[in-house]
Amino acid sequence: MVQRREPTARQRRLGIELRRLREAAGLTAIQAAALLGANRVQMSHIESGLVGVSEERVRRLASHYACTDGKFIDALVVMATDRTCGWWEEYRGQLPTSFLDLAELEHHAMFLHEVAILYVPGLLQTEDYARAVFSARVPELTSAELELRVRHRMRRQQITIPYTLVLHEAALRLRVRDRATSRTQLNKLLELSEADDITVRVIPFDLDDFARAASTMSYGGPVPKLDTVVRDVPHGSAFIDSEAQLSVFRTRFRKVEAASLDPERSRDFMHRLTKEL
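What this report covers is the structure whose coordinates are included nearby. Keep in mind it's a predicted model, so treat the numbers as computed, not measured.

The relative placement of two packed helices comes down to the angle between their axes together with the axis-to-axis distance. Between helix H7 (residues 127-135) and helix H8 (residues 143-155), the shortest axis-to-axis distance is 9 Å and the interhelical angle comes to 135 degrees. Relative to H8, H7 is oriented oblique. Where H7 crosses over H8, the handedness of that crossing is right-handed. Residues Glu127, Ala130, Arg131, Phe134 and Ser135 of H7 touch H8, and the partners they reach there are Leu146, Glu147, Arg149, Val150, Arg153 and Met154. A per-class count over the contact of H7 with H8 returns five nonpolar, one polar and five charged.

Written as structure tokens, this is what we have:
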């Protein structure tokens, strides 16, 4: 087995799920390795995403782990056997790994749910808006690094799956550069909100009793167990995939979505705001 130098988030997730199945079955890594004719180090590499695992081995492990969820097992097999080399690989070694992991997650996701409080999300940003956001980074990026990140962000914007965004009024009013940039960004949001796959809902400032939201993005997996939540943290992005935490974020999203304006009223709200700029 050839060891990977830098497994992707998807490869690491496969290993994590296999480890969770093993632990739920009450088996040690040594016992699981014996089922494959491998050793403990090789099993550790599989569960860390450092080496690949075949369909036959995934199904054998699932059987020994007494996993009866056929759809979940099939999804793990797809993760193990998929050989997609996406466009984001062009940026490996040029951008932080989290940028590539986001693009990979979006490529394989079945749906996207996002809550944004301070900024318009990257998937819906104009080029000027994205450039202004990246320009505010500390420490400051070189012009070459900045343009690389802007190009990567623009390439991510090929949304072909259901995407629901709940956007706070603060994000609509915050001027990352100037009035013209904000007005162009608002017009793009209005245009995109008419697309079949994109739903934009607004939370106005005057909403009472609203203190539960934080910016998050949820990526829907082929089965709920393989959903992923991504949160911005000081060092980049945090990927959350434990079932307990996923349940918390699903509940939070439902509550925030229920509190927001419906899509039609949200478009009316954004139309009114463009006239103020």
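Once that is clear, we can look at a nonpolar patch on the surface. There is a patch of nonpolar side chains on the surface, built from Leu118, Tyr119 and Leu174 and spanning about 280 Å² of accessible area. Structurally, Leu174 can be placed in the loop between helix H9 (169-173) and helix H10 (179-192).

Within the open sheet, the six strands sit side by side as S3-S2-S1-S4-S5-S6. Their pairing is mixed. Two strands lie at the open edges of the sheet, namely strand S3 (198-203) and strand S6 (236-240), each paired on one side alone. Looking at each pair of strands side by side, their axes are set apart by 15 degrees on average, direction ignored. Strand direction decides the pairing type here: strand S1 (residues 112-116) and strand S2 (residues 163-168), joined by five bridges, are parallel. For His113, the partnering residue across the bridge sits in S2 and is Thr164.

Bringing the pairing of strand S4 (residues 216-219) into the picture now. Every second residue of S4 is oriented toward a common face, with Thr216 and Ser218 on one face and Met217 and Tyr219 on the other, all of them buried. Across four bridges, S1 lies against S4 in antiparallel orientation. Considered in S4, the bridge of Leu112 is made with Tyr219.

Parameters and conventions
Residues numbered from 1 in each chain as written. Predicted model: local features only at pLDDT ≥ 70, side-chain atom pairs only at ≥ 80, totals over all residues. Heavy atoms only, no water. Axes fitted to C-alpha atoms, helices over the stretch in contact; angles between N-to-C directions. Helix = DSSP H or I, 4+ residues; strand = E, 2+ residues; numbered from the N terminus. Parallel < 35°, antiparallel > 145°, perpendicular 65-115°, else oblique. Left-handed = near helix turned anticlockwise from the far one by under 90°. Contact = heavy atoms within 4.5 Å. Nonpolar A, V, L, I, M, F, W, Y, C, P; charged D, E, K, R; others polar. Patch = residues over 30% accessible without salt bridge, like charges linked within 9 Å, V, L, I, M, F, W, Y side chains within 5 Å. Areas by Shrake-Rupley, 256 points an atom, 1.4 Å probe, with all protein chains shown as cover. Salt bridge = Lys/Arg side-chain N within 4 Å of Asp/Glu carboxyl O. Pairing = 2+ DSSP bridges. Buried < 20%, exposed > 50% of the residue type's maximum accessible area, 1.4 Å probe, protein only.

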